[in-house]
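# Observations on chain architecture
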Amino acid sequence: DKKVDQRKKGVSFLKKNAGFVKKFDQFKDWEQDKMINWLSSYVSQKGAAIDDKASYALVDLGGKNCRHLAGEIDKAMVFLGDKTHITLDTVLSICSGVNKGIYDFNEAMKKGNLKQIMTELTSLLNHGEDPIKLMGLVTANIRFYYQLLSMEKKASFQVIAKALGKNPYFVKLLLPEITFNKKYE
């Protein structure tokens, strides 16, 4: 309830020399392109480079919270030591927890690997993940993959991406990886 005495030396020094930068906002679900761009610029500020697949994986694993993503990049830089290139393997090595489980679950769904899907699903449920949320994730993924595969032969990556509201490069990377429509192992 008390106000800061602005006559003090410390306060006047901060008023003259300091500023507030709102740097770690959270992105919206539909702003994946902005997340990737922010991530790339943050990595560049650190004097490093990041692969596109690593960027998408990091956003999948780290979520929309910039503070968490910045922490993961900082952790990757420590992990790499003298190296300055962050790859998908680096991201998968440093990230853990429920988000990694969800990432692995999504990857298993893309590949149609039923054994891995069940293993990841069991692990997520054992770690307290909400079954309804997981059911929504499965439904959304199957719908998205079906839309991609049904449009694959009829249109270019750019047209598909625009129709589905996704990044064309993301669609180009994802389409060859989707094999869920083939017979499960």
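Report on the accompanying structure. (Residues numbered from 1 in each chain as written. Predicted model: local features only at pLDDT ≥ 70, side-chain atom pairs only at ≥ 80, totals over all residues. Heavy atoms only, no water.)

Moving on, we get to the packing of aromatic side chains. This model, assessed by the stated rule, comprises four aromatic pairs. Judged by centre distance (5.2 Å) and plane angle (15°), the rings of Trp 38 and Tyr 42 are stacked. Separated by four residues within a single helix, Trp 38 and Tyr 42 lie in helix α2 (residues 32–45), roughly one turn from each other. Residue Trp 38 is classed as buried on the basis of its relative accessible area of 14%. (Phe/Tyr/Trp six-rings, centres within 6.5 Å; stacked < 30°, edge-to-face > 60°. Helix = DSSP H or I, 4+ residues; strand = E, 2+ residues; numbered from the N terminus. Buried < 20%, exposed > 50% of the residue type's maximum accessible area, 1.4 Å probe, protein only.)

Our next topic: the environment of Gly 112. With respect to the element layout, Gly 112 can be found in the loop between α6 (98–111) and α7 (114–126). In this structure, the C-alpha to C-alpha distance between Gly 112 and Ile 178, residues 66 residues apart in sequence, is 7.8 Å.

As a further point, take the nonpolar core. Core analysis: the biggest nonpolar cluster contains 45 residues, and Leu 39, Ile 50, Leu 58, Ile 73, Ile 86, Val 91 and Leu 148 have the highest contact counts within it. Counting residues per element, this core draws most heavily on helix α4 (residues 66–80), at seven residues. Apart from residues no more than four positions distant in its own chain, Val 91 is found in contact with Ala 54, Ala 57, Leu 58, Leu 61 and Ile 86. (Core = buried A, V, L, I, M, F, W, Y, C linked by side-chain atoms within 4.5 Å. Contact = heavy atoms within 4.5 Å.)

Here we come to the packing of α2 against α4. Packing of α2 against α4 leaves a shortest axis separation of 11 Å and a crossing angle of 40°. By the angle between their directions, the pair α2 and α4 is classed as oblique. Two packed elements cross with a definite hand, and for α2 against α4 that hand is right-handed. Contacts between α2 and α4 pair Trp 38, Leu 39, Tyr 42 and Val 43 from the former with Cys 66, Leu 69, Ala 70, Ile 73 and Asp 74 from the latter. Looking at side-chain class alone, the contact of α2 with α4 contains eight nonpolar, no polar and one charged residues. (Axes fitted to C-alpha atoms, helices over the stretch in contact; angles between N-to-C directions. Parallel < 35°, antiparallel > 145°, perpendicular 65-115°, else oblique. Left-handed = near helix turned anticlockwise from the far one by under 90°. Nonpolar A, V, L, I, M, F, W, Y, C, P; charged D, E, K, R; others polar.)

As a further point, take the pattern of salt bridges. Counting across every chain of the model gives seven salt bridges. Its salt-bridge partner being Lys 75, residue Glu 72 comes within 3.3 Å of it at the nearest N-O pair. Of this pair, Glu 72 and Lys 75 both sit in helix α4, three residues apart, which is roughly one turn of the helix. Residues joined in a network through salt bridges with shared partners are Lys 53, Glu 107, Lys 110, Lys 111 and Glu 177. (Salt bridge = Lys/Arg side-chain N within 4 Å of Asp/Glu carboxyl O.)

This brings us to α4. For α4, with 15 residues, the first-to-last C-alpha span of 21 Å sits near the 21 Å given by 1.5 Å per residue. All of the buried residues in α4 are Cys 66, Leu 69, Ala 70, Glu 72, Ile 73, Ala 76, Met 77 and Leu 80. Around the axis of α4, the buried residues are gathered within 160° of arc, so they sit on the same side. Exposed side of α4, more than 90 degrees from the buried face: Arg 67 and Val 78 are the residues found there. (Expected span 1.5 Å × (residues − 1). Arc of directions from axis to C-beta.)

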